[in-house]
Protein chains: 2
Amino acid sequence: MKSICEVEGVEAAGIKEGKFGLALIKASGNAAAVFTKNLVIAEPVRLMQKTMEAGRLDGIIVNSGNANVFTGEQGYRDAERMAAIAAEALGTKPEFIGVASTGVIGRYLHIDIIEDQCRRIKDTLASDEKAGDDAAGAIMTTDLYPKRAIARREGFTVAGITKGSGMIAPNMGTMLAFIYTDAAISSTDLKKALLIATERSFNRVVVDGDTSTNDCVFLTATGLKGTQDYDEFCSALEEVCISLAKKIAEDGEGATKFVEVSVTGAKSEEDAATVAKTIVGSPLVKTAIYGEDPNWGRIIAAAGRAGPDFDPMNTSISIGDGEKTVILEEKGVIKADDKINPAALAAAKELMKGKKLRIEFDLGTGNYNATAWGCDLTEKYVEINGKYTT
Amino acid sequence: MKSICEVEGVEAAGIKEGKFGLALIKASGNAAAVFTKNLVIAEPVRLMQKTMEAGRLDGIIVNSGNANVFTGEQGYRDAERMAAIAAEALGTKPEFIGVASTGVIGRYLHIDIIEDQCRRIKDTLASDEKAGDDAAGAIMTTDLYPKRAIARREGFTVAGITKGSGMIAPNMGTMLAFIYTDAAISSTDLKKALLIATERSFNRVVVDGDTSTNDCVFLTATGLKGTQDYDEFCSALEEVCISLAKKIAEDGEGATKFVEVSVTGAKSEEDAATVAKTIVGSPLVKTAIYGEDPNWGRIIAAAGRAGPDFDPMNTSISIGDGEKTVILEEKGVIKADDKINPAALAAAKELMKGKKLRIEFDLGTGNYNATAWGCDLTEKYVEINGKYTT
């Protein structure tokens, strides 16, 4: 089992009725959060920027179906009302409640539905696998399946749930994640660890390049397993965040293939990440992958507009499916071409038929690396997003 | 008629055989060009950066079907060979020939086909409408129709042809344009005028956010109508460039709707252009338009990640079809909502059924404006780009 309920001190509950879902999670301890970088932020995010200053949470309430964004004063009051509803259900104060929303933008919240759902699920709060799954399922919007991850270490555990799917881009998408640990850590150290882990995971997932107004990642430490090695905790947290991030990419709206882009030989980790994210986010690269076409010209063209400087004639590109790898170009020499090397081109096309594709791009300018994750672009993505609010 | 052949001193010819097309245009005079900003540039572009220093052309040769990008030394020699082939056909020197290519990346040119096609069309060079149409048709790749524009002024004419369709993004896409005037203008003044006109036209068209390695706009002045008012020429040139740019957006790959985004109230023209291009390029906005869904939340979310600072609560968004206009939000107050104002929401959906949509977005922070053009994102775009080289 991979439930957040494996973390000592965590109880969960959830319900999903049509497009309206509600998750309630009870866990007391030091806490930290990171939020969207979009200029337009959801009302619950606005509220959380204040709430999280205290660095402590007793629980979290999350609704799906309405993002409560661009709803002004009423939206802010609705977010406060959600905190009050959860505080009453969990027997604490509203200022110790994390609030998050996901769904359509620019519509007022159906607070009555949320209040009713919370009243009905609060007594089902439990720390078993089903409870964790109910919470993971309740926060889904266009997600096809609930997303969980866990990292067990000697003496403590880190586990989390997330929802993503659409509007996924650097600086996260409509991406909510709720992560828990039973290690005892200060809120300052939680924040520091969360910023690094988020940068190397959620911020490197690109589905469509749109950045949401609601992203947030909450991290709560119940502390029930006492003090633990900080570096060990950071590595476990990063492991959970990357595992959740990859699940978001795998479940990208309409995706048929999971794509991992590994950029090496960059002048800095930031450069490597920028190029990796630009490649994995390129509509032309994404459609070529969907078409199982090793059109590496689109890969280098995307890298060329990414920003970081490099010499195209000093780059190398290869693709693989986890088992086989085919070099497409090496130091500027074309290795898969219908005139020069049709066999390599055929081999490349063959391995693209798989469900997972790894693109390796060496910039040949330095020693820094970064990996980004995404998916192909399909007719289904268009269908899903062409019909979302109607 | 809108043929470049209406410009005195211009002769054209063109042929399209399967995916391989060739255009030959004869016109002597001062010339200027602007090129792609992608770090990875096509070999013909590399050659033109040298050629255009002289500021004069006797003619242009353009092939479609192969972009001659990332083909290294051989590719560069192939581009030089194209110039030599055209020079021989037009009776001039290779250094006075403009060379451009469009098509698939990373494959060596079939120079034999180009040489053969040039030999066959050179004797068809003419200054009639059919000749101009042949050239406009020869440079098409996934374009559905040839694109021409003309601006007639007292005493002189400016006319051009272009091809676009895929890989269209800020800093142009796989976008080739060949513009002619019979006004007499120095190459320095041509360059100055072209940079401004390009910034306000081709650089504000977004189809898929990918920037090509081959973009170029050539401007040649035959001078046969003598010296003309420079401002008058600049306005005519901008008119032609904007007309061509809008045709590229209209013919975006798989597009069913043309979208114009007008941003007002910005702190600078650059800010306004950045926001307009981000909105018109957002996959979620594009799919919502395809789905005829007035999901303005996606519009403001896109603006929020564009970069320029603004107060969401001081913005206003409306959409129109050229006749009717519906306000979606005004100074932060929602004007079209299924709870607050279902009638406005219905009216908005109704006008989105048209083929042309105009989005007006007021940032409420300044007095500068900019317009960007694009199209919706459809299953057809995915189909076209998922199968392009295979």
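Cut-off values and rules
- Residues numbered from 1 in each chain as written.
- Chains lettered and ligands numbered in written order.
- Predicted model: local features only at pLDDT ≥ 70, side-chain atom pairs only at ≥ 80, totals over all residues.
- Heavy atoms only, no water.
- Helix = DSSP H or I, 4+ residues; strand = E, 2+ residues; numbered from the N terminus.
- Rg over C-alpha atoms; globule rule 2.2 N^0.38 Å.
- Buried < 20%, exposed > 50% of the residue type's maximum accessible area, 1.4 Å probe, protein only.
- Areas by Shrake-Rupley, 256 points an atom, 1.4 Å probe, with all protein chains shown as cover.
- Lys, Arg positive; Asp, Glu negative; His and termini not counted.
- Charge placed at Lys NZ, Arg CZ, Asp CG, Glu CD.
- Salt bridge = Lys/Arg side-chain N within 4 Å of Asp/Glu carboxyl O.
- Least-squares fit on C-alpha atoms with pLDDT ≥ 70 in both.
- Contact = heavy atoms within 4.5 Å.
- Buried area = accessible area lost by both parts, 1.4 Å probe.
- Polar contact = N/O pair within 3.5 Å; in protein donor to acceptor, adjacent residues only side chain to side chain.
- Domains from an automatic or database assignment.
- Nonpolar A, V, L, I, M, F, W, Y, C, P; charged D, E, K, R; others polar.
- Pairing = 2+ DSSP bridges.
- Phe/Tyr/Trp six-rings, centres within 6.5 Å; stacked < 30°, edge-to-face > 60°.
- Lys NZ or Arg CZ within 6 Å of the ring centre and 35° of its normal.

### Section: the overall build of chain A
For chain A, the count of helices and strands is 11 helices and 15 strands. Taken over the C-alpha trace, chain A has a radius of gyration of 22 Å; the compact-globule value for 390 residues is 21 Å, and the two agree within 12%. Split into buried and exposed, the 390 residues of chain A put 61% on the buried side. When the accessible surface of chain A is totalled, it reaches about 13300 Å², and 49% of it is carbon and sulfur. Here chain A contributes 45 positive and 56 negative side-chain charges, whose respective centroids are spaced 2 Å apart.

### Quick notes on the pattern of salt bridges
Inspection of every chain in the model, using the stated rule, returns 54 salt bridges over all chains. Measuring nitrogen to oxygen at the nearest pair gives 2.8 Å for the salt bridge that ties Glu-239 of chain B to Arg-153 of chain B. Of this pair, Glu-239 of chain B sits in helix H6 (residues 230-250) while Arg-153 of chain B sits in strand E5 (residues 147-153), and the two are 86 residues apart along the sequence. Of the charged contacts, one joins Lys-356 of chain B and Glu-250 of chain B as a salt bridge, the two residues approaching to 3.4 Å between their closest N and O atoms. Of this pair, Lys-356 of chain B sits in strand E14 (residues 356-362) while Glu-250 of chain B is found in helix H6, placing the two residues 106 residues apart along the sequence. One network of salt bridges, with partners in common, ties together Glu-17, Asp-116, Arg-119 and Arg-120 of chain A.

### Focus: the relation of the copies chain B and chain A
Between chain B and chain A, which share one sequence, the superposing operator has a rotation angle of 180° and an axial displacement of 0.0 Å; the RMSD is 0.0 Å. The relationship between the two copies is best expressed as a two-fold rotation axis. In terms of proximity to the rotation axis, the leading residue of chain B is Glu-379 of chain B, whose C-alpha is 2.1 Å off the axis. A share of 98% of the interface residues of chain B reappears at the interface of chain A, consistent with the copies meeting face to face through the same patch.

### Description of the interface of chain B and chain A
The interface of chain B with chain A comprises 62 residues on the first partner and 61 residues on the second. The contact between chain B and chain A buries some 5200 Å² in all, and 63% of this surface belongs to carbon and sulfur atoms. Linking chain B with chain A are four residue pairs in polar contact (both at pLDDT 80 or more). Listing elements by their share of the side of chain B that touches chain A, those giving two or more residues are helix H8 (283-290), helix H9 (296-304), helix H10 (342-351) and helix H11 (379-386) of chain B. When residues of the side of chain B that touches chain A are assigned to their parent elements, the largest contribution, seven residues, is made by H9 of chain B.

### Examining the domain arrangement of chain A
All names here are of chain A. Domain boundaries assigned for chain A yield domain 1 (4-249) and domain 2 (258-386). Just the C-alpha atoms count here: the centres of domain 1 and domain 2 sit 33 Å apart. Between domain 1 and domain 2, the contact holds 14 residues from the first and 16 residues from the second. Between domain 1 and domain 2 the total buried area reaches about 1300 Å² when both faces are included, carbon and sulfur atoms providing 58% of it. Connecting domain 1 to domain 2 are three salt bridges. For the salt bridge of Glu-260 with Lys-246, the shortest nitrogen-to-oxygen distance reads 3.9 Å. Where domain 1 touches domain 2, the interface holds three residue pairs in polar contact (both at pLDDT 80 or more). Where the side of domain 1 that touches domain 2 is concerned, the elements lending two or more residues are strand E8 (205-206) and helix H6 (230-250). Here the side of domain 1 that touches domain 2 gets three residues from one element, more than from any other, and that element is H6. When the residues that make up the side of domain 1 that touches domain 2 are grouped by side-chain class, the tally is six nonpolar, three polar and five charged.

### As for the pairing of strand E6 (residues 156-163) of chain B
All names here are of chain B. With eight of eight residues buried, E6 is to be regarded as a mostly interior element. The alternating pattern of E6 places Phe-156, Val-158, Gly-160 and Thr-162 on one face and Thr-157, Ala-159, Ile-161 and Lys-163 on the opposite face, and all of these are buried. Where E5 and E6 come together, seven bridges link them in antiparallel fashion. Pairing of Lys-147 across the sheet is with Thr-162, part of E6. Between E5 and E6, which pair antiparallel and follow one another directly, the connecting turn spans two residues, one of which, Gly-155, has a positive phi of 95°. The pairing of E6 with strand E7 (residues 176-181) spans six bridges and is classified as antiparallel. Along E7, the bridge assignment pairs Lys-163 with Leu-176.

### Here we look at the packing of aromatic side chains
Here the structure, examined in full by the defined rule, presents 12 aromatic pairs over all chains. Taking 6.4 Å as the distance between ring centres and 45° as the angle between the ring planes, the aromatic pair formed by Phe-156 of chain B and Phe-233 of chain B counts as tilted. One end of the pair, Phe-156 of chain B, is in strand E6; the other, Phe-233 of chain B, is in helix H6, and 77 residues separate them in sequence. As far as burial versus exposure is concerned, Phe-156 of chain B and Phe-233 of chain B are alike and both buried. With a centroid separation of 6.1 Å and 80° between ring planes, the pair formed by Phe-310 of chain B and Phe-361 of chain B is classed as edge-to-face. Note that Phe-310 of chain B is positioned in the loop between H9 and strand E11 (316-320) and Phe-361 of chain B in strand E14, a separation of 51 residues in sequence. Since its relative accessible area comes to 5%, Phe-310 of chain B is described here as buried. Relative accessible area serves as the criterion here: at 1%, Phe-361 of chain B is assigned to the buried category. Connected via pairs of aromatic rings, a cluster forms that spans Phe-35, Phe-178 and Phe-218 of chain A. The positively charged end of Arg-56 of chain A is found above the aromatic ring belonging to Phe-96 of chain A, 5.7 Å away from the centroid. Directly above the aromatic system of Tyr-145 of chain A lies the positively charged group of Lys-147 of chain A, at a separation of 4.8 Å from the ring centroid.

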